[in-house]
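# Tertiary structure, described
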Amino acid sequence: MRSTSALPQALQERLKERDLIVFDGECVLCSAFFRFIVRTDKGQRFHFAHAQSDFGGQVYAALDMPVDDFDTNIVIVDGMIYERLDAFAAAMSAVGWPYKALAATRFIPEPLRSFLYYRIAKNRYAIFGRYDACMMPDATLRARFIDGVI
């Protein structure tokens, strides 16, 4: 977990202290997570970016993550950057009850947590499928995307 203060100043300014989910817009599983957050985030706390977008790629690059293989989701909550299963836990905690209970995934011992996450992440296209292009949200939801949509 890192602070957003570790990001380049230009990214910090575009983020504007907003909570953010950066997700693989071509991944069926990742897009399902995004749609779940949209349904459960009643206060519209989260903003979004496709990993494939210019902004998403800049975030991955700033975190020294591959910009051509988006097997790690990123969630920013209250100025802290979470990755992998910790990102899921942070998002569930942020959307509140009853989903906050799913944040208990952060208590899975680290070796097992990483193993499970990467096992699914590396095989997500084979297991869940892949979209030919990132989904296009309606105008209301598009306003919550930091870098527009691709």
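See above for the structure.
Source: prediction; values computed, not measured.

Analysis parameters
Residues numbered from 1 in each chain as written. Predicted model: local features only at pLDDT ≥ 70, side-chain atom pairs only at ≥ 80, totals over all residues. Heavy atoms only, no water. Salt bridge = Lys/Arg side-chain N within 4 Å of Asp/Glu carboxyl O. Helix = DSSP H or I, 4+ residues; strand = E, 2+ residues; numbered from the N terminus. Buried < 20%, exposed > 50% of the residue type's maximum accessible area, 1.4 Å probe, protein only. Axes fitted to C-alpha atoms, helices over the stretch in contact; angles between N-to-C directions. Parallel < 35°, antiparallel > 145°, perpendicular 65-115°, else oblique. Contact = heavy atoms within 4.5 Å. Nonpolar A, V, L, I, M, F, W, Y, C, P; charged D, E, K, R; others polar. Pairing = 2+ DSSP bridges. Right-handed = clockwise from strand over helix to strand, strands pointing away.

Quick look at the pattern of salt bridges now. Taken as a whole and assessed by the stated rule, the structure comprises 12 salt bridges. When the shortest N-O distance is used, the salt bridge between Arg130 and Glu26 registers 2.8 Å. You can see Arg130 sitting in the loop between helix H6 (124-128) and helix H7 (139-142) and its partner Glu26 sitting in the loop between strand S2 (19-23) and helix H2 (28-40), a full 104 residues away along the chain. What makes Glu26 buried here is its relative accessible area of 17%. As a salt-bridge pair, Arg124 and Asp69 come within 4.0 Å of each other at their nearest N and O atoms. Of the two residues, Arg124 is situated in helix H6 and Asp69 in the loop between helix H3 (54-62) and strand S4 (74-77); the sequence distance between them amounts to 55 residues. The exposure class assigned to Asp69 is partly exposed, which follows from its relative accessible area of 31%. Beyond isolated ion pairs, a larger network of salt bridges with shared partners links Asp24, Asp69, Asp71, Lys122 and Arg124.

With that out of the way, let us pick up the packing of helix H4 (residues 84-95) against helix H5 (residues 110-122). Relative orientation of the contacting elements H4 and H5 amounts to 95 degrees, with a least axis distance of 8 Å. In terms of orientation, H4 lies roughly perpendicular with respect to H5. Contact residues: H4 offers Arg84, Leu85 and Asp86, while H5 offers Arg113, Tyr117 and Tyr118. In terms of residue class, the contact of H4 with H5 is made up of 3 nonpolar, no polar and 3 charged.

Strand order in the open sheet formed by 5 strands is S1-S5-S4-S2-S3, and the pairing between neighbours is mixed. The open sheet is flanked by strand S1 (2-3) and strand S3 (46-50), the only strands paired with a single partner. Note: S1 against strand S5 (residues 80-83), 2 bridges, orientation antiparallel. Looking across to S5, one finds that Arg2 is bridged to Ile81. Set on the sheet, H2 makes contact with S2 and S3; between it and S2 the angle comes to about 155 degrees. The strands touched by H4 within the sheet are S3, S4 and S5, with S5 carrying the most contacts at an inclination of about 125 degrees.

Turning to H3, a few remarks are in order. Looking only at H3, the buried set comprises Phe55, Gly56, Gly57, Val59 and Tyr60. In the core, the buried residues of H3 are packed alongside helix H1 (9-15), S2, S3 and S4. A positive backbone phi angle near 60 degrees is found at Asp64, which sits one or two residues after H3.

Another aspect to go through is the pairing of S2. Most of S2 sits inside the fold, with 5 of its 5 residues counted as buried. Here S2 shows two buried faces, one formed by Asp19, Ile21 and Phe23 and the other by Leu20 and Val22. As paired elements, S2 and S3 share 5 bridges and run parallel to each other. When the bridges of S3 are listed, Ile21 appears paired with Phe48. In this fold, S2 hands off to H2, which returns the chain to S3; that crossover is right-handed. One ladder, built from 3 bridges, connects S2 with S4; its direction is antiparallel. Bridged to Ile21 within S4 is Val75.

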